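# Survey of secondary and tertiary structure
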Amino acid sequence: SDVLAEHNLQEHMLAYLEQKKGELGDLSCDVNVVCGHPATEILSRAESADLLVIARHGRSGLGRWLLGGVTAHVARASSKPVIVVPCGTAEEQPKLETIMVCLDGSEIAERGLEEAVKLAAAVGAKLSLYRFVPLASAADPEGELIEAKAYLQSLREKHSELVFHTYAQPGAWRHNIVESAQELQVDLLVMGSHGRRGVARWLLGSVAEHALHHIPCPIMIVH
């Protein structure tokens, strides 16, 4: 009976996926149902993908982001870019007109820019490059801000075919990211998995987690 119940569940899931596939029209799409631990199975198949898209929380509908659950596991462990999409906020016709990229001068953050450039070129989106400068702890605050502006301008000049806006602002990362994303009404925020200090872990509990909790748009995490 357990085997039969599992078989029926798989058939139900497959029917659901086939329905969703039909809603995509002519878009090429494969559907698969697999058994096992969700995060493990997702990650084992991620190597053949260029991008992963996952909701902040799953079918249980809990009103919180499941840190420590499937989404967090995938976001931490995936070697491919992961887009985390908030649930219940998507428009019927989602748009991708403005992409905000957070940069701190690190290589990992610039990998995020590379992914954002690809998306912007594909859909004709505008890129907003942000770098926040913690002037309170800077030895030369004015010099830090000038350097940040020059850095962003150099990145902009590498992709003159795209529409760019650059912003170098003083202040704390976590609060300025939220305020700037809301002010610009960005459709996608792109962040590196960790910053210039080279910490070999995803900064859950810091800038990235704060953004995931407070910004209503999808967020791309790039490792």
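Please read all numbers here as calculations on a predicted model, not as lab measurements. (Residues numbered from 1 in each chain as written. Predicted model: local features only at pLDDT ≥ 70, side-chain atom pairs only at ≥ 80, totals over all residues. Heavy atoms only, no water.)

Attention now moves to the packing of aromatic side chains. Summed over all chains, the structure comprises one aromatic pair. On the basis of an interplanar angle of 15 degrees and a centroid distance of 4.5 Å, the ring pair of Tyr-130 and Tyr-167 is categorised as stacked. Of the two residues, Tyr-130 sits in strand β4 (residues 126–133) while Tyr-167 sits in strand β5 (residues 164–170), which places them 37 residues apart along the sequence. On the basis of relative accessible area, Tyr-130 is assigned to the buried category, the value being 3%. You can call Tyr-167 partly exposed: its relative accessible area is 24%. (Phe/Tyr/Trp six-rings, centres within 6.5 Å; stacked < 30°, edge-to-face > 60°. Helix = DSSP H or I, 4+ residues; strand = E, 2+ residues; numbered from the N terminus. Buried < 20%, exposed > 50% of the residue type's maximum accessible area, 1.4 Å probe, protein only.)

This part takes up the environment of Glu-11. Residue position: Glu-11 is located in helix α1 (residues 2–23). For Glu-11, a relative accessible area of 43% translates into the label partly exposed. Between the C-alpha atoms of Glu-11 and Val-33, which are 22 residues apart in sequence, the distance is 8.7 Å.

For the rest of this paragraph, the subject is the pairing of strand β2 (residues 82–85). Sheet topology places strand β1 (residues 52–55) next to β2; four bridges connect them, and they run parallel. Within β2, the residue paired with Val-53 across the bridge is Ile-83. Taken together, the three bridges between β2 and strand β7 (residues 219–222) define a ladder with antiparallel strand orientation. For Val-84, the partnering residue across the bridge sits in β7 and is Ile-219. (Pairing = 2+ DSSP bridges.)

With that settled, the discussion passes to helix α4 (residues 107–123). In an α-helix, one turn spans 3.6 residues; hence positions three or four apart end up facing the same way. The end-to-end C-alpha distance of α4 is 25 Å, a good match for the 24 Å that 17 residues give at a rise of 1.5 Å each. Considered for burial, the residues of α4 that qualify are Ile-108, Ala-109, Gly-112, Leu-113, Ala-116, Val-117 and Ala-120. Along its buried surface, α4 packs onto β3 (98–102), β4, α5 (141–157), β6 (188–192) and β7. One or two positions beyond α4, positive phi appears at Gly-124, with a value near 75 degrees. (Expected span 1.5 Å × (residues − 1). Contact = heavy atoms within 4.5 Å.)

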